Amino acid sequence: MRALHNKHQTLTLSDVAAEPIRRSGEVKVQVHYASLNPTDTDIARGDLDLFLWLYRSRSLVRTGLEFSGTVMEGTARFAKGAKVFGYTHLMKGPKTHQDIISIPEDYIANIPEGMSFAQAAAFPLGAQTSLVALRDVAGLTKEKSVLILGASGGLGVYAIQIAKALQLSVTAVAGPSGQKIMTDLGADQVIDYRQTPLEKIEGTFDAVLDLSARYRFNEIRHLLTTNGVFVPADPMKNLSTIAGNVFRHKKAGFLMVEHGNHSLLTELAGWITDGSLQVGPYTEFDFDDFEAAFASLGEQGRIGRTVLRLR
Ligand SMILES: NC(=O)c1ccc[n+]([C@@H]2O[C@H](COP(=O)([O-])OP(=O)(O)OC[C@H]3O[C@@H](n4cnc5c(N)ncnc54)[C@H](OP(=O)(O)O)[C@@H]3O)[C@@H](O)[C@H]2O)c1
């Protein structure tokens, strides 16, 4: 079985990894596609080594958070042969850059009719995190407004669509090559951050969702309405701001999608089936070309998710 090993901040694809043993409540999956998230680059660089050690993660396979594949050994909910997709816990979960994983069944759902394995691996975290951020963390309801910073990436291509499905007014921000896709996905207004920096954006918003993970509360507070909410994609960089919420009307939200949520994944798969959501664009690489795939993550102007083809 092939696996992408991460040792001393070097990634190596090798055949030595042993097949995982399935524990009670888990589903063993033959992985067909697995995505690359910006967090995988952080892990590959060793930035999260301390946290992985604290979580007692002993596996050398440390990258890969989303996947799609076929059930090899199932449970009552997922029979052998079922086509499934899902994600894994950032610290505790089995990482998906390997041919076979064994994963708790709460982290997976059935791939909806008509969705390919490649699409299914590009979908779960982007769609689920966006819905949780907008509906649950920001608490946005019909006709509220949201400014989405970083709206052309792996999460953004879902955040725009989900915001529109929730009937929000959407202003989307990315670089020049992201302008067309943001418009195509339904943003009411699009902004190129290279031409219009934050200080020059006009108006205020009920929420600002920062998927670029670059901004601090103080840089965006002028863009929030009196009771507006800032939702940073990286809450760890904003913990002191979140802790200070009691002293302010304008709040910062804590966004962390890590625990399995089979019912939410299934709900989102239903949105695909009924046409309220479409799979966003993605770029595909062969597993053997993982180095090129990782390199592409750092390129400006990349649209949507990047996925690795394992079989
Ligand atoms: N909290 C959670 O539960 C959770 C879950 C999943 C992911 N995340 C995090 O969510 C973040 C987004 O993930 P992703 O996969 O969507 O990342 P991504 O694909 O790299 O997208 C990043 C986006 O940011 C844009 N951008 C870069 N610089 C910008 C700037 N100065 N102003 C505005 N936009 C800018 C990029 O546009 P250009 O390419 O045009 O520059 C792109 O649209 C990551 O930090 C990830 O770790 C959090």
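Below: a short report on this structure.

Reading the values: the criteria
- Residues numbered from 1 in each chain as written.
- Predicted model: local features only at pLDDT ≥ 70, side-chain atom pairs only at ≥ 80, totals over all residues.
- Heavy atoms only, no water.
- Helix = DSSP H or I, 4+ residues; strand = E, 2+ residues; numbered from the N terminus.
- Buried < 20%, exposed > 50% of the residue type's maximum accessible area, 1.4 Å probe, protein only.
- Polar contact = N/O pair within 3.5 Å; in protein donor to acceptor, adjacent residues only side chain to side chain.
- Arc of directions from axis to C-beta.
- Contact = heavy atoms within 4.5 Å.
- Axes fitted to C-alpha atoms, helices over the stretch in contact; angles between N-to-C directions.
- Parallel < 35°, antiparallel > 145°, perpendicular 65-115°, else oblique.
- Nonpolar A, V, L, I, M, F, W, Y, C, P; charged D, E, K, R; others polar.
- Pairing = 2+ DSSP bridges.
- Core = buried A, V, L, I, M, F, W, Y, C linked by side-chain atoms within 4.5 Å.
- Domains from an automatic or database assignment.

### Quick notes on the environment of Ser59
Here is step 1 of the chain: Within the secondary structure layout, Ser59 lies in the loop between α2 (49-54) and β4 (66-73).
Here is step 2 of the chain: We classify Ser59 as partly exposed; its relative accessible area is 34%.
Here is step 3 of the chain: With 42 residues separating them along the chain, Ser59 and Ala17 place their C-alpha atoms 9.8 Å apart.
Here is step 4 of the chain: Reaching out from Ser59, the side chain makes a polar contact with the backbone nitrogen of Val61 at a distance of 3.0 Å.

### What to know about helix α1 (residues 38-45)
Here is step 1 of the chain: Among the residues of α1, those classed as buried are Asp40, Ile43 and Ala44. On an axial view of α1, the arc spanned by its buried residues comes to 100°, and they lie on one face.
Here is step 2 of the chain: Each element contacted by the buried residues of α1 is listed here: β1 (3-7), β2 (10-14), β3 (26-36), α2 and α10 (290-297).
Here is step 3 of the chain: Following α1 by one or two positions, Gly46 adopts a phi angle in the positive range, close to 95°.

### Examining the packing of helix α4 (residues 124-137) against helix α9 (residues 262-273)
Here is step 1 of the chain: Put simply, α4 and α9 touch, their axes get as near as 10 Å, and they point 100° apart. Between α4 and α9, the interaxial angle falls into the category roughly perpendicular. Of the residues in α9, those in contact with Pro124, Ala127, Gln128, Leu131, Val132 and Arg135 of α4 are Leu264, Leu265, Glu267, Leu268 and Trp271.
Here is step 2 of the chain: Classifying every residue of the contact of α4 with α9 by side-chain character gives eight nonpolar, one polar and two charged.

### Description of the sheet that holds strand β11 (residues 205-210)
Here is step 1 of the chain: In spatial order, the strands read β10-β9-β8-β11-β12-β13; together these six strands make up an open sheet with parallel pairing. With one partner strand each, in any of the chains shown, β10 (189-192) and β13 (251-252) form the two edges of the open sheet.
Here is step 2 of the chain: Both strand β8 (residues 145-149) and β11 contribute to a ladder of four bridges, which runs parallel. Directly across from Val146, in β11, lies its bridge partner Ala207.
Here is step 3 of the chain: α4 rests against β8, β11 and β12 (224-232) of the sheet, and its axis sits at about 150° to β12.
Here is step 4 of the chain: Packing of helix α5 (residues 156-165) onto the sheet brings it into contact with β8, β9 (169-174) and β11, and relative to β9 it is tilted by some 170°.

### Examining the nonpolar core
Here is step 1 of the chain: Core analysis: the largest hydrophobic core is formed by 81 residues, its most contacted members being Val146, Ile148 and Ile162.
Here is step 2 of the chain: When we break this core down by domain, the ones giving at least three residues each are domain 1 (3-123 + 279-309) and domain 2 (125-252).
Here is step 3 of the chain: Setting aside residues no more than four positions away along its own chain, Ile162 makes contact with Ala127, Ser130, Leu131, Leu134, Leu268, Trp271 and Leu277.
Here is step 4 of the chain: One finds Leu147, Ile201, Ile220 and Ala252 within the second-largest nonpolar core, a separate group that totals 15 residues.

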